[in-house]
Each structure stands twice: as structure tokens, then as C-alpha cells.
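These are the residues of each chain, in order.
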Amino acid sequence: MANFEGTYVSSIGRRKTAIAQVRLYKRGGGNIVVNGMPYKEYFGAQSYRDKVLSPLIKVGMSETADIEIKTVGGGRKGQADAICLGIARALAKMDDTLKLSLKSDDLLTRDSRIKERMKPGHRKARRSPQWSKR
């Protein structure tokens, strides 16, 4: 993990099966480390990077906060969404005045959609076997 120093605010973000533990250090140089790697290396696609940075850009702290993230489960998109929620929660915990601006962009809302379990006698969660007359 990264060697950030000082006090931090921690929070957890979840999406589908991805879980992200976020540590937000208020003083820093804008470094973001995900599972021991810089976030630009960890997330190849620009859309995932933008998703991770969206709460920081909204409150104007993208250059002043260091963030250390440990994420497990899911794919890269689910992890990016979980990290976004974790960062937004940490920012809201750190400063209550930021909560309204984050909430207005739906950054504090958890997307609760998960895969539905398979039911007995079905092919998938809801797909029944094809009916045959004979």
C-alpha cells in the first residue's frame, strides 16, 4: 500500500459484488493509489478514471487530497463505481457542507442492483424451460 501520512477519513463503497475500502487523506498532492498501483495504471479506460475522479472534481479537491483504496470483487466497472461511492462517502464524512452538492449529483446513492439468484427448475433466474406439447 501507499505510504501516505497524517490523519485520514475511511469509508466503504459497494456495487454489485465489488467492495472498495477508501482512505482519504485531506492534505496531499492528488495521488490516488488502488491496490498498490496508481489509479491510471489500474483503470485502463478513461471512463473508469473519470468515474473515480467525479466526486473529487465536484467538490474541487482533485489536486489536494491523497487517496488510498483497497478493492476486491467484481470487474473494473463495478470497482470504479464502488470507489466513486466510497470517495463520496469519505468526503461527506469529512465535511458536512459537501454533502448537499454530492447528493445533488447522486454520488451518495448506492446502486443496489445485484445479480438475482437462480431458482430451482429454471434455466436462469427467471427463464423457464421451453414448453413442449409432446
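Residues numbered from 1 in each chain as written. Predicted model: local features only at pLDDT ≥ 70, side-chain atom pairs only at ≥ 80, totals over all residues. Heavy atoms only, no water.

Engineer: Lay out the packing of helix α2 (residues 46-59) against helix α3 (residues 76-94) with the relevant residues and their values.
Structural biologist: Viewed as axis vectors pointing N to C, α2 and α3 meet at an angle of 10°, and their least axial separation amounts to 8 Å. Of the possible angle classes, the one that applies to α2 and α3 is roughly parallel. Facing Tyr48, Lys51, Val52, Ser54, Pro55, Leu56 and Val59 of α2, the residues of α3 in contact are Arg76, Lys77, Ala80, Asp81, Ile83, Cys84, Ile87, Ala88 and Leu91. (Axes fitted to C-alpha atoms, helices over the stretch in contact; angles between N-to-C directions. Helix = DSSP H or I, 4+ residues; strand = E, 2+ residues; numbered from the N terminus. Parallel < 35°, antiparallel > 145°, perpendicular 65-115°, else oblique. Contact = heavy atoms within 4.5 Å.)

Engineer: Go over a nonpolar patch on the surface with me, naming the residues and quoting the values.
Structural biologist: A contiguous nonpolar surface patch, about 210 Å² in accessible area, is contributed by Ile12, Ile19 and Val72. Relative to the helices and strands, Ile19 resides in strand β2 (residues 18-25). (Patch = residues over 30% accessible without salt bridge, like charges linked within 9 Å, V, L, I, M, F, W, Y side chains within 5 Å. Areas by Shrake-Rupley, 256 points an atom, 1.4 Å probe, with all protein chains shown as cover. Salt bridge = Lys/Arg side-chain N within 4 Å of Asp/Glu carboxyl O.)

Engineer: Could you give an account of the sheet that holds strand β5 (residues 66-72), with specific residues and numbers?
Structural biologist: Taking strand neighbours across the sheet as the criterion, the five strands line up as β1-β2-β5-β3-β4 in an open arrangement whose pairing is mixed. The open sheet has two edge strands, β1 (8-15) and β4 (37-38), and neither has a second partner. Note: strand β3 (residues 32-34) against β4, two bridges, orientation antiparallel. The residue bridging Val33 from the neighbouring strand is Pro38, located in β4. (Pairing = 2+ DSSP bridges.)

Engineer: Can you lay out the pattern of salt bridges for me, pointing to particular residues and giving the numbers?
Structural biologist: Scanning all chains against the criterion turns up eight salt bridges. Of the charged contacts, one joins Lys51 and Asp81 as a salt bridge, the two residues approaching to 4.0 Å between their closest N and O atoms. Of this pair, Lys51 sits in helix α2 while Asp81 sits in helix α3, placing them 30 residues apart in sequence. With relative accessibility at 34%, the residue Lys51 sits in the partly exposed group. Where salt bridges share partners, they join Arg15, Lys51, Lys77, Asp81, Asp111 and Arg113 into one cluster. (Buried < 20%, exposed > 50% of the residue type's maximum accessible area, 1.4 Å probe, protein only.)

Engineer: Describe the nonpolar core, with residues and values.
Structural biologist: Within the largest apolar cluster, 30 residues are counted, with the highest numbers of intra-cluster contacts made by Ile69, Ile87 and Leu91. A total of nine residues in this core trace back to one element, the largest contributor, which is α3. (Core = buried A, V, L, I, M, F, W, Y, C linked by side-chain atoms within 4.5 Å.)

Engineer: Which residues make up α2, and what values do they have?
Structural biologist: Look at α2: 20 Å from first C-alpha to last across 14 residues, which is about the 20 Å you get at 1.5 Å a residue. In α2, a bend of some 45° at Leu53 exceeds every other bend along the element, and Pro55, a proline, comes one to four places later. Within α2, the full set of buried residues consists of Arg49, Val52, Leu53, Pro55, Leu56 and Val59. Note on α2: the residue one or two positions beyond its end, Gly60, has a positive phi of about 75°. (Expected span 1.5 Å × (residues − 1). Bend = angle between axes of the 7 residues up to and from the residue.)

Engineer: Just give me the short version of the packing of aromatic side chains, but keep the residues and values in it.
Structural biologist: Tallying each qualifying case throughout the model produces four aromatic pairs. Between Tyr8 and Tyr25 the ring centres are 5.3 Å apart and the planes differ by 55°, which places this aromatic pair in the tilted class. Within this pair, whereas Tyr8 is found in strand β1, its partner Tyr25 is found in strand β2, the two being separated by 17 residues in sequence. Considering the side-chain rings of Phe43 and Tyr48, the 6.3 Å spacing of their centres and the 75° angle between planes classify their relative orientation as edge-to-face. For the cation-ring pair, Arg76 lies above Tyr42, with the distance from its terminal atom to the ring centre recorded as 3.9 Å. (Phe/Tyr/Trp six-rings, centres within 6.5 Å; stacked < 30°, edge-to-face > 60°. Lys NZ or Arg CZ within 6 Å of the ring centre and 35° of its normal.)

Engineer: Which residues make up the pairing of β1, and what values do they have?
Structural biologist: Looking along a regular strand, one sees the side chains alternate between the two faces of the sheet. Burial along β1 is one-sided: Val9, Ser11, Gly13 and Arg15 are buried, while Tyr8, Ser10, Ile12 and Arg14, pointing the other way, are not. Here β1 hands over to β2 after two residues, with Lys16 in that stretch at a positive phi of 50°.

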